[in-house]
Every structure is written in C-alpha cells, then in structure tokens.
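Next come the chains, spelled out residue by residue.
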Amino acid sequence: MGDASQKKPVYKRVWFWILIVVVVLAVAGAAGSGGGSDKDSATSQSATQEQTVANEPQEEEAKEAEVPVEYQNALKKAESYSSLMHMSKQGIYDQLTSEYGEQFPEDAAQYAIDNVDADWNANALEKAKSYQETMAMSKDAIYDQLTSEYGEKFTDEEAQYAIDNL
C-alpha cells in the first residue's frame, strides 16, 4: 500500500513528456502534410523518427535532473580540481570526502569520480611539469611524488606517462 503513495505522478515522469513531444510532433507533421501522397506520408514518418532521435539529449537532461544536487555539486568540484589543479582521481576523491576538505558523502564523491571528464595522464604530466619547473626536482623524485600516498596519488601508469613525456 505504501508504494502507491510514494509513486511520482504521471506528469513528473520522463517517459510521459517524451510521449507528449512525440505525439505533438506527429500531429503537427500530419497537419502540415495536408493529407498528401504516400511520399508526403513517408517524409512525415521520417521527420518524426528524426525528431525522436533528436529527443534523446532531452532524455539525458531529464536523467541529469534526477541526479541529487549533492552529486551534481561534487561533480562540479571534481571538474574544478581536475582542470585547475590537475589532481589525480584518488586525490580528488580524497579531497571530496575529507573532513578537512569538501565533506561530501562517499557516494556523491564516487559519482563525481565516475562522471568527471578528465584525462588523468594529462593531469599527471601537468603536475610533473610543475614539479620540474618550480622545484627543480629530478625525474625519479617527481615519479615518487606523483605516486606517493602522501603526495599526488597518481597510478604508476599515469606517473610513468608523465615522466616519459616531460
């Protein structure tokens, strides 16, 4: 019995709005064709199919709207840490969940890590360049700093990519 009271109303469901858009487009297409020949009918069907494909990004936007704000905010922070500070995946996760950092719940931080658009190799390379230029560190010292659990926390592969491309 509790399920009925917790269900979303039909008008708040994504599929309902997609259905409405498809029906409106079909009606508009039929009205615009003026009841013409089979060629017009085929063109109308093709246009409706193309519009259905074009609606897929709207469906993705609707899915994003269902993502909790906490998750969206964690993702924004992760993108910022990646693009501005060139942090590693583990470094960002730790910063997002740290009681001295962003204090996001682990599930929000994991969502952010899973969805952030980052090139971890490029981040490692940018950090390596920074260490080389500002601290005059050797390649071995940079590698150690990049992979250290007390340092940048990049994977061995990411750190090696950075060293190979310095």
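Residues numbered from 1 in each chain as written. Predicted model: local features only at pLDDT ≥ 70, side-chain atom pairs only at ≥ 80, totals over all residues. Heavy atoms only, no water.

Colleague: Before we go on, may I ask you to explain the packing of aromatic side chains in this structure?
Modeller: Two aromatic rings are characterised by how far apart their centres lie and by the angle between their planes. Inspection of every chain in the model, using the stated rule, returns one aromatic pair. Ring geometry for Tyr71 and Tyr111: centres 5.3 Å apart, planes at 45°, overall tilted. Note that Tyr71 is positioned in helix α5 (residues 69–85) and Tyr111 in helix α7 (residues 106–115), a separation of 40 residues in sequence. (Phe/Tyr/Trp six-rings, centres within 6.5 Å; stacked < 30°, edge-to-face > 60°. Helix = DSSP H or I, 4+ residues; strand = E, 2+ residues; numbered from the N terminus.)

Colleague: What is the right way to read the environment of Tyr161 from this model?
Modeller: Within the secondary structure layout, Tyr161 lies in helix α10 (residues 156–164). Those residues in contact with Tyr161 that sit more than four places away from it in its chain are Asn121, Ala122 and Leu125. (Contact = heavy atoms within 4.5 Å.)

Colleague: What am I meant to see in the packing of helix α6 (residues 89–97) against α7 here?
Modeller: How two helices sit against one another is set out by the angle between their axes and by the gap between those axes. Their axes nearest at 9 Å, the elements α6 and α7 cross at an angle of 150°. The orientation of α6 relative to α7 falls into the category roughly antiparallel. Helix-helix and strand crossings are classified by hand; for α6 and α7 the assignment is right-handed. Along the contact surface, α6 presents Lys89, Ile92, Tyr93, Leu96 and Thr97, while α7 presents Glu106, Ala109, Gln110, Ala112 and Ile113. Per-class residue counts for the contact of α6 with α7 are six nonpolar, two polar and two charged. (Axes fitted to C-alpha atoms, helices over the stretch in contact; angles between N-to-C directions. Parallel < 35°, antiparallel > 145°, perpendicular 65-115°, else oblique. Left-handed = near helix turned anticlockwise from the far one by under 90°. Nonpolar A, V, L, I, M, F, W, Y, C, P; charged D, E, K, R; others polar.)

Colleague: Can you walk me through helix α8 (residues 120–135) in this structure?
Modeller: For α8, which comprises 16 residues, the first-to-last C-alpha distance of 22 Å matches the rise-based estimate of 22 Å (1.5 Å per residue) to within 8%. In this structure, the buried residues of α8 make contact with α5, α6, α9 (139–147) and α10. At the exit of α8 stands Ala136, carrying a positive phi of roughly 50°. (Expected span 1.5 Å × (residues − 1).)

Colleague: Any chance you could explain the pattern of salt bridges here in plain terms?
Modeller: By the definition in use, this model includes four salt bridges. Note that Lys127 is salt-bridged to Glu152, the shortest N-O span being 3.9 Å. Of this pair, Lys127 sits in helix α8 while Glu152 sits in the loop between α9 and α10; the two residues are 25 residues apart in sequence, bridging distant segments of the chain. (Salt bridge = Lys/Arg side-chain N within 4 Å of Asp/Glu carboxyl O.)

Colleague: Looking at this structure, I do not really get the packing of α5 against α6. What am I missing?
Modeller: Close contact between α5 and α6 brings their axes to 10 Å; oriented N to C, the two are set at 135°. Here α5 is positioned oblique relative to α6, judged by the angle of their axes. Considering how the two elements wind past one another, α5 and α6 form a crossing that is right-handed. Across from Ala74, Lys77, Ala78, Tyr81 and Ser82 in α5, the residues of α6 making contact are Ile92, Gln95 and Leu96. Its residues placed into classes, the contact of α5 with α6 shows five nonpolar, two polar and one charged.

Colleague: So what exactly am I meant to see when it comes to the side chain of Asn123 here?
Modeller: Relative to the helices and strands, Asn123 resides in helix α8. In this structure Asn123 touches Ser82, His86, Met87 and Phe154, once residues within four positions along its chain are discounted.

Colleague: Can you help me understand the nonpolar core in this one?
Modeller: Generally speaking, soluble globular proteins have nonpolar side chains that are buried together. Ranked by size, the top nonpolar core spans 17 residues in total, and within it Ala78, Ile92, Leu96 and Ala112 carry the most contacts. Those elements that provide at least two residues to this core are α5, α6 and α7. Excluding residues within four positions of it along the chain, Ala78 makes contact with Ile92, Leu96, Ala112 and Val116. (Core = buried A, V, L, I, M, F, W, Y, C linked by side-chain atoms within 4.5 Å. Buried < 20%, exposed > 50% of the residue type's maximum accessible area, 1.4 Å probe, protein only.)

What is shown is where atoms sit, not what they do.
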